[in-house]
Amino acid sequence: MLGFDTIQEIFASLKQNRLRTTLTGLSIAWGIFILIVLLGAGHGLKNGVTSNFSSRSTNTVQMWPGRATLPYKGLKADRGLAFTEKELDVLSEHVPEAGKQTGLISSNRIVTYASESNSYEIIGVQPAYADIFNLEFESGGRFINDHDLQMNNKVIVLDKRIEEVLFKGKPALGQYVKVASVMFRVIGVNSRKNRWGEGSAYIPFTTAQVIFNPNKKFYSIAFEVHGLESEKANQEFNDRLKGQMASSMSFDAKDPRALWIRNSQENYLQAMKIFGAINIFLFIIGVLTLLAGVVGISNIMLVSVKERTREFGIRKALGAPPASILLTVVVESIVITTIFGYLGMLAGIGLTELVAAVMEGTNSQSDTGMSIFKNPTVDMSYVFIATGILIVSGIVAGYMPARKAVRIKPIEAMQEK
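Computed from a prediction, not measured in an experiment: that's the story for all the values here.

### A few points about the overall build of the protein chain
Alright, step 1. When helices and strands are counted, the protein chain shows 13 helices and 12 strands.
Alright, step 2. Evaluated residue by residue, the protein chain yields a buried proportion of 45% over its 417 residues.
Alright, step 3. If you take every contact in the protein chain between residues at least 6 apart in sequence, the share linking residues at least 24 apart comes to 77%.
Alright, step 4. Carbon together with sulfur atoms contributes 60% to the accessible area of the protein chain, which is approximately 21,200 Å² in total.

Here's what the structure looks like:
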């Protein structure tokens, strides 16, 4: 147990060597501070990039037909390709990894409400679109359902930006808007911020086919995939998918321009792999910075014990047990490490929280909603582990030279200069 006299002695020693103590403490605080900032920066970069995947499920594949640049079974090259509902059936029947799916029929149309009008992208979609692209709906609204498809209902879902422009702050739910020359009833408002353009509106796929797309051809399919857990598995899936589409649409599977595939899960796995390497690199840099603090406290304790060797000899001569002398030195190193480590931790957390608040405001005001840096906070377990390492290092750094000093005979210790 530490007595009051021992505590006084510790703080008297710290005060006597305050310059050296302060410099050593600052190196410890700096090590903790840099570790938190580096890990926070890596975490913020990772959060920023991964948040950009949130506009759709990370296990999403989207396809667009291109032009057949190679001849195929008597068909000439340089043919324009398009999807039909046959390709949706191929996905359901011959691609076991495919989950929810939707065709997309897109065109720009004039949307009018009262005296307000503007040109917007009108997308004919199936009900799965809302889950695939992570749409969010305000209270009371809904997305297109199977009944709307079966009945070719003239219903429409608006992005929030469209509601703000056309309705000027009034609620759009239940109102009617005119798309080209056809009236549609608003059944939902997507509140998720769009990243590009002025917003889109969504109508049932079948309704879009009947009104705006009589040739029944369209130019995009999106669907979720399941069971692909590695980059290799996703690459193999892309090749098999292209083969299935080539057979259905009559083009050469080796044609590089016939079909464009964007596999979000493959991109996501690649991004996670990169950020894993970045985090390891930043952690190594942080640990090396901590080691500098460990070296600093080791040096200060060596010097401190050397200067107090005479004092230790006098105390032993007066009957002080070696254990009490060792305890005094060890506690002194713990006090230095803990106090300055805590200060470094507060400074690091304060800076990351400040940056997080600033970035949150910046991202919320962004027209695109995209970010490359978001919520640069750090897992507190890393902070406590790092602080614990410094405290243990401080104990070892104080104990080893003190143990050597108290073994010196009192007469020899008192002769030390």
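From this point, things continue past the structure.
### Brief notes about the pairing of strand β9 (residues 182–190)
Alright, step 1. In terms of burial, β9 is a largely internal element, 7 of the 9 residues being buried.
Alright, step 2. Strand direction decides the pairing type here: strand β8 (residues 176–179) and β9, joined by 4 bridges, are antiparallel. Among the inter-strand pairings, Lys 178 is bridged to a residue of β9, identified as Met 183.

### Brief notes about the side chain of Thr 60
Alright, step 1. Within the secondary structure, Thr 60 sits in strand β1 (residues 60–65).
Alright, step 2. Sequence-distant contacts of Thr 60, defined by excluding residues within four places in its chain, comprise Ile 132, Phe 223, Glu 224, Arg 262, Asn 263, Ser 264 and Gln 265.

### Some thoughts on the pairing of strand β5 (residues 105–113)
Alright, step 1. Here β5 runs beside strand β6 (residues 116–125); their pairing, made up of 9 bridges, is antiparallel. Bridge pairing in β6 links Ser 106 to Ile 123.
Alright, step 2. The turn joining β5 and β6, which pair antiparallel and follow one another in sequence, is formed by 2 residues; a positive phi near 55° is taken by Ala 114.
Alright, step 3. Relative to β8, β5 runs antiparallel, the two being bridged by 2 bridges. Across the sheet, the residue bridging to Val 111 is Val 179, located in β8.

### Brief notes about the packing of aromatic side chains
Alright, step 1. Per the stated rule, a full pass over the model turns up 10 aromatic pairs.
Alright, step 2. Feature note: the residues Tyr 129, Phe 133, Phe 137, Phe 143 and Tyr 202 constitute an aromatic cluster, connected by ring pairs.

### Let's talk about the side chain of Gln 101
Alright, step 1. With respect to the helices, strands and loops of the structure, Gln 101 is situated in strand β4 (residues 98–103).
Alright, step 2. In this structure the side chain of Gln 101 is engaged in a polar contact, spanning 3.0 Å, whose partner is the backbone oxygen of Leu 88.
Alright, step 3. A polar atom in the side chain of Gln 101 sits 3.4 Å from the side chain of Ser 92.
Alright, step 4. What Gln 101 contacts, discounting residues up to four positions off in sequence, is Leu 88, Leu 91, Ser 92, Gln 126, Ala 128, Ile 132, Ala 222 and Phe 223.

### A closer look at the nonpolar core
Alright, step 1. Core analysis: the biggest nonpolar cluster contains 63 residues, and Met 63, Phe 223 and Met 245 have the highest contact counts within it.
Alright, step 2. Ranked by the residues each element gives to this core, the list is headed by helix α8 (residues 231–249), at 6 residues.
Alright, step 3. Discounting residues that sit within four places of it in the chain, Met 245 has contacts with Met 63, Phe 83, Glu 87, Val 90, Leu 91, Ser 250, Phe 251 and Leu 259.
Alright, step 4. Membership of the second largest hydrophobic core comes to 15 residues, among which are Ile 28, Leu 35, Val 294 and Leu 390.

### Some words on the sheet that holds β6
Alright, step 1. The 6 strands lie next to each other as β5-β6-β10-β7-β9-β8, forming a closed barrel whose pairing is mixed. Along the sheet, successive strands turn relative to each other by an average axial angle of 45°, direction set aside.
Alright, step 2. Packed on one face of the sheet, helix α7 (residues 205–212) meets β5, β6, β8, β9 and β10 (200–204) and runs near 95° to β10.

### A closer look at unusual backbone geometry
Alright, step 1. For Asn 134, which is not glycine, the phi dihedral falls at a positive 55°.
Alright, step 2. Note that Asn 134 resides in the loop between α4 (129–132) and α5 (146–151).
Alright, step 3. Even without glycine at this site, Lys 168 takes up a positive phi of about 50°.
Alright, step 4. Position of Lys 168 among the secondary structure elements: in the loop between α6 (160–167) and β8.

### Examining the sheet that holds β4
Alright, step 1. Spatially, β4-β11-β1-β12 is the arrangement adopted by the 4 strands of the open sheet, whose pairing is antiparallel. Each edge of the open sheet is held by one strand with a lone partner, namely β4 and β12 (259–263). Averaged over all pairs of adjacent strands, the angle between their axes in this sheet comes to 20°, without regard to strand direction.
Alright, step 2. Pairing of β4 with strand β11 (residues 221–225), which is carried by 4 bridges, proceeds in the antiparallel orientation.

### Examining a nonpolar patch on the surface
Alright, step 1. Together, Ile 280, Phe 281, Ile 284, Ile 285, Leu 288 and Leu 291 make up a nonpolar patch on the protein surface, roughly 570 Å² of accessible area in all.
Alright, step 2. Tracing the sequence through the fold places Leu 291 in helix α9 (residues 264–307).

### Side note on the packing of helix α3 (residues 85–94) against α8
Alright, step 1. For the pair α3 and α8, the least separation of the axes is 10 Å and the interaxial angle reads 135°. Classified by the angle between their axes, α3 and α8 sit oblique to one another. Relative to α8, α3 is oriented so that their crossing is right-handed. Residues Lys 86, Glu 87, Val 90, Leu 91 and His 94 of α3 lie in contact with α8, whose contacting residues are Leu 241, Gln 244, Met 245, Ser 248 and Met 249.

Rules used in this analysis
- Residues numbered from 1 in each chain as written.
- Predicted model: local features only at pLDDT ≥ 70, side-chain atom pairs only at ≥ 80, totals over all residues.
- Heavy atoms only, no water.
- Helix = DSSP H or I, 4+ residues; strand = E, 2+ residues; numbered from the N terminus.
- Buried < 20%, exposed > 50% of the residue type's maximum accessible area, 1.4 Å probe, protein only.
- Contact = heavy atoms within 4.5 Å.
- Areas by Shrake-Rupley, 256 points an atom, 1.4 Å probe, with all protein chains shown as cover.
- Pairing = 2+ DSSP bridges.
- Phe/Tyr/Trp six-rings, centres within 6.5 Å; stacked < 30°, edge-to-face > 60°.
- Polar contact = N/O pair within 3.5 Å; in protein donor to acceptor, adjacent residues only side chain to side chain.
- Core = buried A, V, L, I, M, F, W, Y, C linked by side-chain atoms within 4.5 Å.
- Axes fitted to C-alpha atoms, helices over the stretch in contact; angles between N-to-C directions.
- Patch = residues over 30% accessible without salt bridge, like charges linked within 9 Å, V, L, I, M, F, W, Y side chains within 5 Å.
- Salt bridge = Lys/Arg side-chain N within 4 Å of Asp/Glu carboxyl O.
- Parallel < 35°, antiparallel > 145°, perpendicular 65-115°, else oblique.
- Left-handed = near helix turned anticlockwise from the far one by under 90°.

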